[in-house]
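Descriptive structure summary
Listed below are the residues making up each chain.
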Amino acid sequence: MSVNHYENFPVGSLVLPPRLRRPVHAIYAFARHADDLADEGDAAPEQRLHALQGLQQELDCIGSGHAPHSELMQRLQQQAIEPFALPLQPFYDLLSAFSQDVVKTRYQDFGELVDYARRSANPVGRLMLHLYGQTDPVSIAHSDGICTALQLINFWQDVAHDWQKGRVYLPQNDLQRFRVSEEHIAQARADAAFQQLMAYQCQRAFNMLKAGSPLGRTLKGRIGYELRLIVLGGQTVLQKLDKVQYDVFRRRPTLGKRDWLRLAWQALR
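Residues numbered from 1 in each chain as written. Predicted model: local features only at pLDDT ≥ 70, side-chain atom pairs only at ≥ 80, totals over all residues. Heavy atoms only, no water.

A look at the overall build of the protein
Each helix and strand in the protein was counted, giving 14 helices and zero strands. Walking the protein from its N terminus toward its C terminus, one meets helices and strands in the order α-α-α-α-α-α-α-α-α-α-α-α-α-α. The C-alpha radius of gyration computed for the protein amounts to 19 Å, which stays within 12% of the reference 18 Å derived for 269 residues, consistent with globular compactness. Overall, the C-alpha framework of the protein stretches about 55 × 50 × 30 Å when taken along its three principal axes. Out of the 269 residues belonging to the protein, those deemed buried represent 50%. Considering only residue pairs separated by 6 or more positions, the protein has 69% of its internal contacts joining residues 24 or more positions apart. Surface accessibility of the protein: about 12,900 Å² in total, with carbon and sulfur atoms responsible for 51%. (Helix = DSSP H or I, 4+ residues; strand = E, 2+ residues; numbered from the N terminus. Rg over C-alpha atoms; globule rule 2.2 N^0.38 Å. Buried < 20%, exposed > 50% of the residue type's maximum accessible area, 1.4 Å probe, protein only. Contact = heavy atoms within 4.5 Å. Areas by Shrake-Rupley, 256 points an atom, 1.4 Å probe, with all protein chains shown as cover.)

This is how it looks when you write it as structure tokens:
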């Protein structure tokens, strides 16, 4: 399965326990489809919102004890929601975030960005915890920190890509604080001011990732290993951003096969 969108999250890899692969695939397929409705193709905003509203109505069907209409949502209901008694709110939160992507292209401050990540990223981690059966408040808080950090790391990787879609996720008040304008992005100008701004944002993401990392030891077995691998992957992307001096315009830092082999060994240790 392609992981172009949710590349920092597990999508049914062989590392996961076999019993969780089908529900994880079903959850990922839902999130990927909803994300594509909001972000891909040439549909008008009204059409995108209408399509997302259709998914919400299908969730309403599931919540009322009825079968949804589409094959995608039937699969989600039969392979994930019903057998694991998953709450529906995380799915509604994802749809809320994707709908916001259609209409909101700027974020005034970091709080607005974190609120977006609360709905765009944290639900995935919470659903994973429900699948695993560990939903205590501490585990949820750690998961939220990791997922928010991963969402932020995606934003910092994709500054140039998001600009092409008319979006800027760097907080507007931080742009002003570091004396960086949107012209920096338009002109692909990674000067000292832009580097300082990005270093500041990456440190925020690193702090969140580190705060949530104890969950990788709390969760036992394959799921704990998978989570440690994800955290190490996020840390490595941040290191790569620093190595290229945050010039995301000429090279988007990504993880290659050699990186994953090294991280796999580190996660075992």
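Observations concerning the packing of helix 7 (residues 137–157) against helix 11 (residues 192–212)
Relative orientation of the contacting elements helix 7 and helix 11 amounts to 155°, with a least axis distance of 7 Å. As far as their axial angle goes, helix 11 and helix 7 are roughly antiparallel. Here helix 7 and helix 11 pass one another in a crossing that is left-handed. Note on element contacts: helix 11 touches helix 7 through Met-198, Gln-201, Cys-202, Ala-205, Met-208, Leu-209, Ala-211 and Gly-212, opposite His-142, Gly-145, Ile-146, Thr-148, Ala-149, Leu-150, Leu-152, Ile-153 and Trp-156. For the contact of helix 7 with helix 11, the residue count by class is 12 nonpolar, five polar and no charged. (Axes fitted to C-alpha atoms, helices over the stretch in contact; angles between N-to-C directions. Parallel < 35°, antiparallel > 145°, perpendicular 65-115°, else oblique. Left-handed = near helix turned anticlockwise from the far one by under 90°. Nonpolar A, V, L, I, M, F, W, Y, C, P; charged D, E, K, R; others polar.)

Here we look at the packing of aromatic side chains
Tallying each qualifying case throughout the model produces nine aromatic pairs. Ring centres of Phe-178 and Tyr-200 lie 5.4 Å apart, and the angle between their planes is 45°; this geometry places the pair in the tilted category. You can see Phe-178 sitting in the loop between helix 9 (172–177) and helix 10 (182–186) and its partner Tyr-200 sitting in helix 11, a full 22 residues away along the chain. Connected via pairs of aromatic rings, a cluster forms that spans Tyr-107, Tyr-116, Phe-155, Trp-156 and Tyr-169. One residue, Lys-104, lies across the ring of Tyr-107, its end atom 5.0 Å from the ring centre. Above the ring of Tyr-200, the side-chain terminus of Arg-177 is found at 4.7 Å from the ring centroid. (Phe/Tyr/Trp six-rings, centres within 6.5 Å; stacked < 30°, edge-to-face > 60°. Lys NZ or Arg CZ within 6 Å of the ring centre and 35° of its normal.)

Concerning the domain arrangement of the protein
Looking at the protein, the domain boundaries give domain 1 (17–103) and domain 2 (125–268). Once you take the C-alpha centre of each, domain 1 and domain 2 turn out to be 24 Å apart. In this assembly, 17 residues from domain 1 lie in contact with 10 residues from domain 2. Around 1,200 Å² of area is buried between domain 1 and domain 2 when both sides are counted, 64% of it from carbon and sulfur atoms. Linking domain 1 with domain 2 are three salt bridges, by the criterion used here. Of the charged contacts, one joins Glu-40 and Lys-165 as a salt bridge, the two residues approaching to 3.7 Å between their closest N and O atoms. Scanning the region where domain 1 abuts domain 2 turns up four residue pairs in polar contact (both at pLDDT 80 or more). Residue assignment for the side of domain 1 that touches domain 2 shows that the elements contributing at least two residues are helix 1 (18–39) and helix 4 (89–103). Looking at which element gives the most residues to the side of domain 1 that touches domain 2, the answer is helix 1, with nine residues. (Domains from an automatic or database assignment. Buried area = accessible area lost by both parts, 1.4 Å probe. Salt bridge = Lys/Arg side-chain N within 4 Å of Asp/Glu carboxyl O. Polar contact = N/O pair within 3.5 Å; in protein donor to acceptor, adjacent residues only side chain to side chain.)

Here's the deal with the environment of Gln-77
The topology assignment puts Gln-77 in helix 3 (residues 71–81). Judged by relative accessible area, which is 5%, Gln-77 ranks as buried. In sequence terms Gln-77 and Lys-257 are 180 residues apart; their C-alpha atoms lie 34 Å from each other.

A word on the pattern of salt bridges
On inspection of all chains with the given rule, the structure shows 13 salt bridges. Asp-115 is paired through a salt bridge with Arg-119; the nearest N and O atoms lie 2.9 Å apart. Placement of both Asp-115 and Arg-119 in helix 5 (residues 110–120) is noted, with a separation of four residues, approximately one turn of the helix. Here Asp-115 falls in the partly exposed class, since its relative accessible area comes to 34%. Arg-119 gets classed as buried once you look at its relative accessible area, which sits at 7%. As a salt-bridge pair, Arg-204 and Asp-174 come within 2.9 Å of each other at their nearest N and O atoms. Remark: Asp-174 occurs in helix 9 and Arg-204 occurs in helix 11; sequence separation between them is 30 residues.

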